[in-house]
Amino acid sequence: MIALVSLTIALPFCAAFAGMLLGRRLSRTLSARALPAAGSAAPDAPTTPLPAVVPDAAPAPGDEARVPELSRLAGPDLALRRLPRNGPALIAIASTALATLLALIVATTVWLDPGTREGTLTLVPTGTVDIAIGLQADGLAALVGLMVCLVALAVQIYSVAYLAEDPRYCSYAAFVSLFTAAMLLVVYAADLLLLYVGWEVMGICSYFLIGHHWEDRANSRAAVKAFLMTRLGDVGFLIGIFALGIGAGTFSIGGVLDAVPDLPAGTLTAATLLLLAGVAGKSAQFPLHTWLPDAMAGPTPISALIHAATMVAAGIYVIARLYPAFWAAPASLTVLGIVAVISMVGSALAALAQTDLKRVLAYSTISQLAYMAAGLAVGAQTAAVFHLVTHGAFKALLFLAAGSVILVAGSNLLGRYGGLRRTMPITFWAMTVGYAALIGLPPVSGFFSKDSIIEGARHAAATAGREGTGDTAAAVPDIPGGAAWAIYIALLVTVGITAAYAMRAWLMTFFGEQRGSFQAREAPALMTWTVAALAVPSAVLGFFGLGAAELRPHLVSAGLALLWAAGGGAAAYLLWNRDPARDPADRLGPLRTVFDRAFYLDELYAALVVRPVRAAARAVVVADRRGLDALVVGTAGWSRRAGGALRRIQTGNAQSYLTGLLAGVVVIAAGVVILL
Amino acid sequence: MHALYPLVVSALLFSVGVYGVLARRNAILMLMSVELMLNAVNLNLVAFDALWRDRLHGGQLLTLFTIVIAAAEVGLGLAIVLLVFRNRKTVEVDRLTELGEARRDPAEARRGADAETSAEPVAAAREGDGP
Amino acid sequence: MTAQEVVFTLLGAVAVGSAILVVTTRQLVHAALWLVVSFGALAGAYLLLTAEFVAWVQVLIYVGAVVVLLLFGIMLTRAPIGRMPRGGPDDPLDSGNRWAALAVALATAGVLITTLVHGFSDAVIDLKAEGGGAEPLGASLFRTWVLPFEVLSVLLLAALIGAIVLSRTDIGPRDREGRR
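Residues numbered from 1 in each chain as written. Chains lettered and ligands numbered in written order. Predicted model: local features only at pLDDT ≥ 70, side-chain atom pairs only at ≥ 80, totals over all residues. Heavy atoms only, no water.

Residue and element names in this part refer to chain A. Within this structure, the stated rule accounts for 9 salt bridges over all chains. Between Arg 231 and Asp 234 there is a salt bridge whose closest N-O contact spans 4.0 Å. A residue pair is termed a helical-turn pair when its members lie 3 or 4 positions apart in one helix, as Arg 231 and Asp 234 do in helix H7 (residues 217-248) at 3 residues. In this structure Asp 234 comes out as buried when scored by relative accessible area, which is 1%. One network of salt bridges, in which partners are shared, links Glu 200, Arg 231, Asp 234 and Lys 282. (Salt bridge = Lys/Arg side-chain N within 4 Å of Asp/Glu carboxyl O. Helix = DSSP H or I, 4+ residues; strand = E, 2+ residues; numbered from the N terminus. Buried < 20%, exposed > 50% of the residue type's maximum accessible area, 1.4 Å probe, protein only.)

Right, here's the structure in full:
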């Protein structure tokens with residue numbers, strides 16, 4: 001079992017290096033071998049693991065308007081035919097598919113026979129607390145691991161078409177594989193430090209992938225920002241791990257959780273609060289969330305990967321994994337709840353006013369992650385993990401569909417779309433499912449998961465004040481009633497705002513008249529079908545939750561949430577309907593700018609942190625140049641001057657040399673005479 | 001005769017020769033000073049020969065050898081001096097400083113470079129003449 | 001002080017005095033002539049030390065040959081003839097090194113004389129007229145010292161060839177085209 005799990009992690013890991021080193025060579029070998037048969041071989045070679053679809057929108061020859069588009073759109077379409085010869089993609093997809101299969105086997109085994117399977121590969125003695133290189137697979141890990149693999153597979157396949165023309169596809173595919181491996185390591189790790197390794201590898205991978213198009217300075221800045229912001233949290237995370245591990249005397253997750261009842265409350269609270277810092281950084285929660293919208297600079301499949309499966313999910317996953325420790329520290333849960341409330345409402349409002357489709361989705365991710373955090377804060381752990389999985393599915397779907405739209409429209413801006421309903425039917429329906437899940441409309445997955453979180457919050461708020469009144473339902477952590485009520489209300493309000501911004505983005509993308517000047521057509525088949533395939537789990541995943549009692553929909557919460565959703569959606573629709581050509585967000589008036597800039601948090605950070613740090617750096621530079629460098633340079637200067645003085649003696653005049661020589665001889669002789 | 005008389009005379013002659021070698025600028029004068037020093041050595045050899053009554057006459061014979069070698073040395077030295085004079089048009093030894101550090105003055109250095117590229121004895125001599 | 005010592009003192013004074021004139025005179029030709037005086041006084045000193053053959057050789061070779069050679073050198077290098085005024089960096093005879101040279105020379109003299117006085121304060125030369133003539137020297141030279149003598153002849157030959165090669169302009173290395 002553990003061998004399977006380690007293989008699951010090792011496969012993408014090895015694929016990353018193999019793809020980086022051998023990918024190009026494989027491409028060359030394949031194309032060299034395929035060339036003689038290129039004339040007769042069918043374009044959809046049987047090795048393709050995907051349905052090879054003949055491009056459905058092949059432009060008629062003679063349609064002059066389409067001719068310029070032909071070359072641009074033909075590229076991605078050709079990617080499908082070229083896939084068998086795309087070495088890096090083959091390596092990455094094959095390994096990810098295998099890993100998915102293994103994760104599926106692991107998940108099935110765990111599902112059929114619940115329980116934790118743990119194995120230690122080796123023990124690293126450190127002198128004090130040993131580090132175990134160990135893996136474990138329980139229900140939580142198996143489920144999240146499977147989701148990670150599936151999303152990564154979808155992203156890899158989608159990228160083949162999306163980045164068909166990219167010159168650095170090789171390193172791109174390799175980093176995606178490495179990213180996946182790191183996330184799987186986080187998911188399956190049985191040791192806190194091993195988990196931290198995966199955590200950090202993800203950080204560096206996100207840096208490389210967000211900065212994939214580093215030719216543009218803004219992109220590399222966004223990558224640096226993402227790296228630094230998450231790093232800021234990671235410092236706390238590492239110290240938190242140390243606090244927990246040293247307090248418990250072991251770094252093994254199981255050992256730490258077993259030791260939780262014996263730990264002093266202060267240690268526990270401090271450790272979990274420090275862990276929360278790392279979680280806030282990775283999962284993009286207030287106040288460390290500002291990197292996520294900027295991370296949209298990366299290619300769209302990367303956004304899908306970061307938002308749905310890896311990176312941001314890691315933070316929530318870690319809380320879920322260490323949940324007993326958080327449970328025992330209600331103060332940390334309260335902080336988590338408050339952070340979640342701020343992130344939830346704030347980013348939903350920010351999403352309302354964004355003009356960039358990807359940024360809308362980015363803020364919605366922050367908001368949805370805050371849902372999970374809130375669910376964890378009120379004790380609805382299962383619901384939160386459930387939402388993590390459904391969110392993984394529908395957010396990957398939304399991002400990949402958005403990628404299709406962006407590829408076709410050639411722009412990120414909502415204002416350039418419009419009327420794509422007819423020309424991109426598959427993308428339209430898939431995205432409709434995705435938005436429905438985002439809002440939480442009944443039949444699709446998001447409804448079930450979101451509803452169970454809201455129900456958990458309602459339960460917590462209702463029972464908060466009453467100590468020990470024998471509640472038969474799920475236990476509730478000991479958080480203040482006010483916080484619980486705030487979470488409950490914020491959850492409901494956010495449902496409304498979510499509905500509003502989702503409705504706005506949906507309407508502006510697919511309805512009304514086309515506003516940009518581009519040739520509307522369906523995206524390349526490889527992308528479209530990946531999106532369509534993802535729509536299925538987004539739609540039906542919710543029904544799996546019906547098996548567990550705490551995940552079934554509850555009438556009161558569901559009704560209230562639907563009411564809010566209907567209100568928000570209707571408001572957005574009415575505003576839009578007045579003038580479909582205009583952005584409904586314009587009606588917000590002066591608030592729009594505030595929302596658009598995300599409450600000026602970036603500017604605030606710039607004023608409070610960036611500028612003082614820069615000033616300090618400049619001061620250090622000056623001190624370095626005037627102080628330290630001056631010493632070094634001064635030393636060099638003085639030696640030079642001394643050398644120059646000695647140089648003057650070297651006149652080339654033999655007589656003066658001889659004078660010196662004889663004088664020396666005389667001195668030596670005199671010394672000998674006098675001393676001996 | 002007290003041995004100190006010839007010895008002191010030879011020491012004084014030697015010192016005078018040292019002064020001449022170090023202070024004289026003209027190469028021929030330097031050669032003369034070298035002869036003085038050699039003669040001081042000769043006087044020493046003869047004096048010790050007389051002092052120790054060497055039966056093999058080592059001192060006196062070595063003096064003869066020294067005189068012969070000095071004659072050869074003067075011959076060669078003068079040949080070298082003549083060669084230097086032919087190439088540089090000067091026999092002032094403290095002007096023959098090509099092996100020393102390059103001079104700081106850029107104009108001077110440029111002129112030196114010109115002289116080197118032209119590789120003409122006259123140009124080299126002019127460069128040697130420079131301050 | 002014996003008579004010999006008096007004579008020797010006089011001869012030494014002449015030798016050293018003319019030597020000082022050699023290194024300080026302002027006329028090149030005078031320097032060569034003062035050198036003759038110094039060498040002559042030294043020849044006298046050799047005679048006094050019973051080395052008569054050496055004294056004649058001194059007169060023959062030094063006074064006769066070497067000084068004449070030096071005079072030829074003075075002529076061939078077109079050295080300034082006549083009285084040279086003492087004049088700073090353009091002085092053709094004395095370099096700016098003079099004071100350092102004086103100091104070194106005085107120190108040398110001091111060290112040498114101190115050492116000699118320490119070492120030979122009580123040594124007395126017993127002067128007897130024997131062994132300094134041509135006959136015993138020749139016998140010794142061709143019996144005991146014949147090998148250095150022959151080596152010296154080779155040295156002289158080498159010096160001869162060297163002087164010829166150095167002073168003739170038409171002898172030199174071939175250039176790349178094989179021309180001289």
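Alright, that's what it looks like, and here's the rest.
Next up on the list: the nonpolar core. Formed by 211 residues in total, the largest nonpolar core has its most connected members in Trp291(A) and Tyr435(A). A total of 20 residues in this core trace back to one element, the largest contributor, which is helix H16 (residues 381-409) of chain A. Lining this core are residues from two domains, each supplying at least three of them: domain 1 (1-47 + 77-190) and domain 2 (286-466 + 474-584) of chain A. Non-local contacts of Trp291(A), meaning those with residues more than four positions away in its chain, are made with Lys225(A), Ala226(A), Met229(A), Thr230(A), Gly281(A), Lys282(A), Ala284(A), Ile306(A), Met311(A) and Val312(A). One finds Ala3(B), Ile28(B), Val93(B) and Ala31(C) within the second-largest nonpolar core, a separate group that totals 79 residues. (Core = buried A, V, L, I, M, F, W, Y, C linked by side-chain atoms within 4.5 Å. Domains from an automatic or database assignment. Contact = heavy atoms within 4.5 Å.)

Another point: the confidence of the model for chain A. All names here are of chain A. In the predicted model, chain A carries a mean pLDDT of 79, and the fraction of residues at 70 or more is 90%. Ranking the elements of chain A by mean pLDDT puts helix H2 (residues 67-82) last with 44 and helix H25 (residues 654-675) first with 88. In this model, residues 36-81 is a region of pLDDT below 50 whose contacts with residues beyond four sequence positions or in other chains number 41 contacts. In the model, residues 468-474 has pLDDT below 50 throughout and makes 3 contacts with residues more than four positions away in sequence or in other chains. (pLDDT = per-residue confidence, 0-100.)

What follows is about helix H20 (residues 481-510) of chain A. Here H20(A) spans 43 Å end to end across 30 residues, near enough to the 44 Å set by a 1.5 Å rise per residue. In terms of burial, H20(A) is largely enclosed, as 23 of its 30 residues are buried. (Expected span 1.5 Å × (residues − 1).)

Okay, the interface of chain A and chain B next. Each partner contributes residues to the interface: chain A has 11 residues there, and chain B has 15 residues. Summed over both partners, the interface of chain A with chain B buries about 1,000 Å², with 52% contributed by carbon and sulfur atoms. Ranking the residues of chain A by area buried against chain B places Arg647(A), Gly652(A) and Gln655(A) at the top, with a combined share of 50%. The interface formed by chain A and chain B holds 0 salt bridges in total. Across the chain A-chain B interface, the total number found is 3 residue pairs in polar contact (both at pLDDT 80 or more). Where the side of chain A that touches chain B is concerned, the elements lending two or more residues are helix H24 (601-647) and H25 of chain A. The element best represented in the side of chain A that touches chain B is H25(A), accounting for 4 residues. Classifying every residue of the side of chain A that touches chain B gives 2 nonpolar, 7 polar and 2 charged. (Buried area = accessible area lost by both parts, 1.4 Å probe. Polar contact = N/O pair within 3.5 Å; in protein donor to acceptor, adjacent residues only side chain to side chain. Nonpolar A, V, L, I, M, F, W, Y, C, P; charged D, E, K, R; others polar.)

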